[in-house]
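# Architecture at a glance
Chain by chain, the residues:
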Amino acid sequence: MNRVFKFAFSKLNGIKVFALVGRSGTGKSHHSKLLAQKYHIDLIIDDGLLIKGDKIVAGRSAKRDPNFITAVRTAVFDDDQHRENVLDALLKEKYKKILIIGTSEKMINKIIARLELPPVTRVFHIEEIATQEEIETAMRIRFTEGKHVIPVPSIEITRSYPQIVYDSIKVFFGKKNPFKKEQGFEKTIVRPEFSRPDKDSLNEVTLNQMVKHCIDEYDKVIKVKKVRLIQNKGASYNLNITLQVPLRHYIGQSMSELQSYIADCIEKYGGIRIDGVSIEIEEWG
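Residues numbered from 1 in each chain as written. Predicted model: local features only at pLDDT ≥ 70, side-chain atom pairs only at ≥ 80, totals over all residues. Heavy atoms only, no water.

### Overview of the packing of aromatic side chains
Heads up, the rule is: Aromatic contacts are taken between Phe, Tyr and Trp rings whose centres are within 6.5 Å, Trp giving its six-membered ring; a plane angle under 30 degrees counts as stacked, one over 60 as edge-to-face, and the others as tilted. The helix count covers DSSP runs of H or I at least four residues long, the strand count covers runs of E at least two residues long, and both are numbered beginning at the N terminus. Here's how the labels work: a residue is buried when its accessible area is under 20% of the maximum for its type, exposed when over 50%, partly exposed in between, all with a 1.4 Å probe on protein chains only.
Applying the stated criterion across every chain yields a total of 4 aromatic pairs. For the ring pair Phe18 and Tyr39, a centre distance of 6.5 Å and an interplane angle of 35° mean the geometry is tilted. Here Tyr39 lies in helix H2 (residues 28-39) and Phe18 lies in strand S1 (residues 16-21), a separation of 21 residues in the sequence. The buried category is assigned to Phe18, whose relative accessible area is 6%. Measuring from centroid to centroid gives 5.2 Å for Tyr218 and Tyr261, while their planes differ by 50°, and the two rings are tilted. Taken together, the positions of Tyr218 in helix H9 (residues 204-218) and Tyr261 in helix H10 (residues 255-270) put the pair 43 residues apart, joining distant regions of the chain.

Structure below.
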């Protein structure tokens with residue numbers, strides 16, 4: 001069965017694609033298993049990994065990458081060999097529902113295109129399934145301690161990426177019943193190299209590379225002219241970005257979506273908390 005036929009068959013066969021969207025560090029990976037359990041979702045795609053239950057079926061984790069740019073590329077399956085590995089695994093799996101985790105709907109749609117999946121059936125935002133207190137706690141841990149979550153048992157991560165494993169925790173759900181075994185799942189807490197809190201302070205050259213990569217992923221026609229970094233109290237930053245856009249070029253999304261995309265991208269894979277992004281646009285003919 002070739003891939004074109006497989007894609008058409010998946011639509012006819014009723015395969016549903018769900019998305020979980022939220023800013024970096026808000027607890028998406030942690031809540032993904034709860035969401036999958038509630039809606040009987042068979043597979044999860046999270047940061048370059050294809051997950052089924054407690055097993056990593058295929059892919060490689062962006063959390064093992066040493067720097068920002070390679071982590072972004074891994075998460076959206078930009079590498080052809082990585083993409084082929086996950087595509088082959090998807091063709092072999094029998095599933096009705098799949099959940100994709102991302103920081104924006106643009107990121108979700110890019111993953112869908114790369115993996116030849118049907119369009120999204122339903123988008124969940126992290127604010128729908130987590131309390132504000134849970135989100136704030138998750139963000140504090142992310143940006144002060146550099147900790148991330150992979151929703152599989154630690155033994156799965158230790159086999160391939162022992163250097164990033166930090167801890168593991170068991171999460172239980174459902175009502176307690178003395179006559180029934182308590183249900184739950186184990187998640188692995190990792191601390192990737194790109195997210196270490198003790199790394200050197202951010203410099204302008206590194207920041208420019210990050211922003212240029214984000215913009216190139218978003219719209220290849222737009223060029224970055226200047227990036228200015230303003231450090232705030234509490235190890236967070238504001239960005240002032242000057243962009244060059246050709247005359248009459250249609251950006252396609254609102255400025256607020258572009259600002260969010262840049263902030264989310266840098267937060268997730270740069271381990272840097274962004275409080276605000278200001279954009280100034282120059283045009284040329």
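Let us keep going from here.
### Quick notes on the sheet that holds strand S4 (residues 55-59)
Note the threshold: Pairing between two strands is assigned when DSSP locates at least 2 bridges connecting them. Only C-alpha atoms enter the line fits that serve as axes; for helices the fit covers just the stretch in contact. Angles between N-to-C directions range over 0 to 180 degrees. Only heavy atoms enter the contact rule, under which two residues are in contact if any of them lie within 4.5 Å.
With mixed pairing, the 6 strands of this open sheet are ordered in space as S4-S3-S2-S5-S1-S6. Looking along the sheet, the strands with just one partner apiece sit at the ends: S4 and strand S6 (120-125). In this sheet, neighbouring strand axes are inclined to one another by 25° on average, regardless of whether the strands run parallel or antiparallel. The strands that helix H4 (residues 80-92) touches are strand S2 (43-46), strand S3 (49-52), S4 and strand S5 (97-102); relative to S4, the one it contacts most, it runs at about 125°. Strands in contact with helix H5 (residues 105-114) are S1, S2, S5 and S6; relative to S5, the strand with the most contacts, it is inclined by about 130°.

### Section: the side chain of Ser104
The cut-off we apply is this: Pairs of N or O atoms within 3.5 Å make up the polar contacts considered here, provided that, within protein, one atom can donate a hydrogen while the other can accept it, and that residues adjacent in sequence are counted only when both atoms are side-chain atoms.
Relative to the assigned elements, Ser104 resides in the loop between S5 and H5. Among the polar contacts listed, one links the side chain of Ser104 to the backbone nitrogen of Met107, at a separation of 3.1 Å.

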